[in-house]
Amino acid sequence: MASDKSGGINTRLAHMGNDPLSFHGFVNPPVVHGSTVLFPDSATMASRSQKYTYGTRGTPTTDALATAINELEGSAGTIIVPSGLAAVTVPLLAFLSAGDHVLIVDSVYHPTRRFADTMLKGFGVEVEYYDPLVGGEIEALMKPNTRVVFTESPGSNTMEIQDIPAIAAAARARGAIVMMDNTWATPLLFRPLDHGVDVSIHAATKYPGGHSDVLLGTVSANESSWERLHEAFITLGTCAGPNDVYQVLRGLRTMGIRLERHQESAREIARWLEGMPGVARVLHPALPSHPGHAIWKRDFSGASGLFSFVLSGGGEKEAHAFLDALKIFGLGYSWGGFESLAVHVSLADRRVAKGNFPGPVIRLQIGLEDAADLKADIENGLKATGLR
Ligand SMILES: *Cc1c(COP(=O)(O)O)cnc(C)c1O
């Protein structure tokens, strides 16, 4: 059989989802390219009483990844979709209808906000953004028609830590579904379903893929939300391609050790940055100076490699001077791959989570390079800003 679900996380990651004896002993599952699935006779066809019936509904390749993600999340079921953004939009479409109210955290990943402000509003859903630090007081924002509370912690770019258990308890007491975009932590560092969340969302593009060469999303649900999520997935036809699914399964094997290195280097660089000239603040939840540190420590078992810092002054000119001086860090979106990246973030879309910062915010993805080299690169960038 596949993994026995015992042992340490790296032991389990090395085997989860694999079932060699079902595939002639080959360690990995086949990459099944398939639309049509044949039935042995008309009775089986009419009743669809066999495991696989059509490519959009799952294959041995998608099952292998979904099994592994279910084990990591502790979920009843997982759907696999073509991007992290689809992993956000499919569950929102599954649970929201005209006349419903959705509460979305103000520090949400920007494309999630765009989807809510355009398509959800267009379908007649009432969209409201809430302060990431609201905690249990979200109760006061709940309306009789609040159907979904959408969370993301830490917040995109500004890294606010949400009190997920308190928010989930208040939302559930009013019968709302709680969703969490858990991309930053991966299920290795935070398991949303253990903290009262119903639907856990991941851009598998990031750490699970890990090599900046694939786009994929996963959505995992608890027992009570699974049927509706799965039904929407089948109805929308948002299935992923087999090569991409396979690549993410492959990425999982090394995700534990990659995350250890991402975490170690990012924490070292974040601590070091706090004392550097030209830096006003470092927004990393593992730093005791971070306002969400206590909640992070209570709920998360670690930190990944993405954080932000604030320049001590200036604006776009200084931010661009920093970025243009970098030689190892690439200038690019996304993160979770092996290579370091930097971006000047925009907070123009925020209603409340604006941060009130003295200078521009720079987001760093700390890759697997040597931390000493990354520090030297950042130091050059800071010098180029002329700030002190
Ligand atoms: C990147 C990201 C997504 C979207 O993932 P894609 O695969 O790039 O579409 C969703 N949520 C968060 C928090 C992300 O960082």
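Above this text you will find the structure in question.
The structure displayed is predicted, hence computed values, not measured ones.

1. Quick look at the sheet that holds strand β4 (residues 146–152)
Part 1: Spatially, β1-β7-β6-β5-β4-β2-β3 is the arrangement adopted by the seven strands of the open sheet, whose pairing is mixed. In this open sheet, the two edge strands, each paired with only one partner strand, are β1 (77–81) and β3 (126–130). Strand-to-strand twist of the sheet, defined as the mean angle between neighbouring strand axes without regard to direction, takes the value 20°.
Part 2: Taken together, the four bridges between strand β2 (residues 101–105) and β4 define a ladder with parallel strand orientation. What sits directly across from His101, in β4, is Thr146.
Part 3: Contacts from helix α4 (residues 84–95) reach β1, β4, β5 (177–181), β6 (199–203) and β7 (217–221), with the element oriented near 155° to β6.
Part 4: Strands in contact with helix α5 (residues 110–122) are β2, β3 and β4; relative to β3, the strand with the most contacts, it is inclined by about 155°.

2. Looking at the packing of helix α9 (residues 242–273) against helix α12 (residues 371–385)
Part 1: Contact geometry of α9 with α12 gives a least axis separation of 10 Å together with a crossing angle of 35°. For α9 against α12, the interelement crossing comes out right-handed. Counting all contacts with α9, which are made through Ser265, Glu268, Ile269, Trp272 and Leu273, the residues of α12 involved are Ala371, Leu374, Lys375, Ile378, Glu379 and Leu382.
Part 2: A class-by-class count of the residues in the contact of α9 with α12 yields seven nonpolar, one polar and three charged.

3. Observations regarding unusual backbone geometry
Part 1: Cis geometry is adopted by the peptide bond preceding Pro154, which originates at Ser153 and carries an omega value of -5°.
Part 2: Mapped onto the elements, Pro154 comes out in the loop between β4 and α6 (164–173).
Part 3: At Asn157, a residue that is not glycine, the phi angle is positive and equals roughly 70°.
Part 4: A relative accessible area of 15% places Asn157 in the buried class.
Part 5: Backbone geometry places Ser334, a non-glycine residue, at a positive phi of 70°.
Part 6: Mapped onto the elements of the fold, Ser334 is located in the loop between β10 (330–331) and β11 (341–344).
Part 7: Judged by relative accessible area, Ser334 falls into the partly exposed class, the value being 30%.

Calculation criteria
- Residues numbered from 1 in each chain as written.
- Predicted model: local features only at pLDDT ≥ 70, side-chain atom pairs only at ≥ 80, totals over all residues.
- Heavy atoms only, no water.
- Pairing = 2+ DSSP bridges.
- Helix = DSSP H or I, 4+ residues; strand = E, 2+ residues; numbered from the N terminus.
- Axes fitted to C-alpha atoms, helices over the stretch in contact; angles between N-to-C directions.
- Contact = heavy atoms within 4.5 Å.
- Left-handed = near helix turned anticlockwise from the far one by under 90°.
- Nonpolar A, V, L, I, M, F, W, Y, C, P; charged D, E, K, R; others polar.
- Buried < 20%, exposed > 50% of the residue type's maximum accessible area, 1.4 Å probe, protein only.

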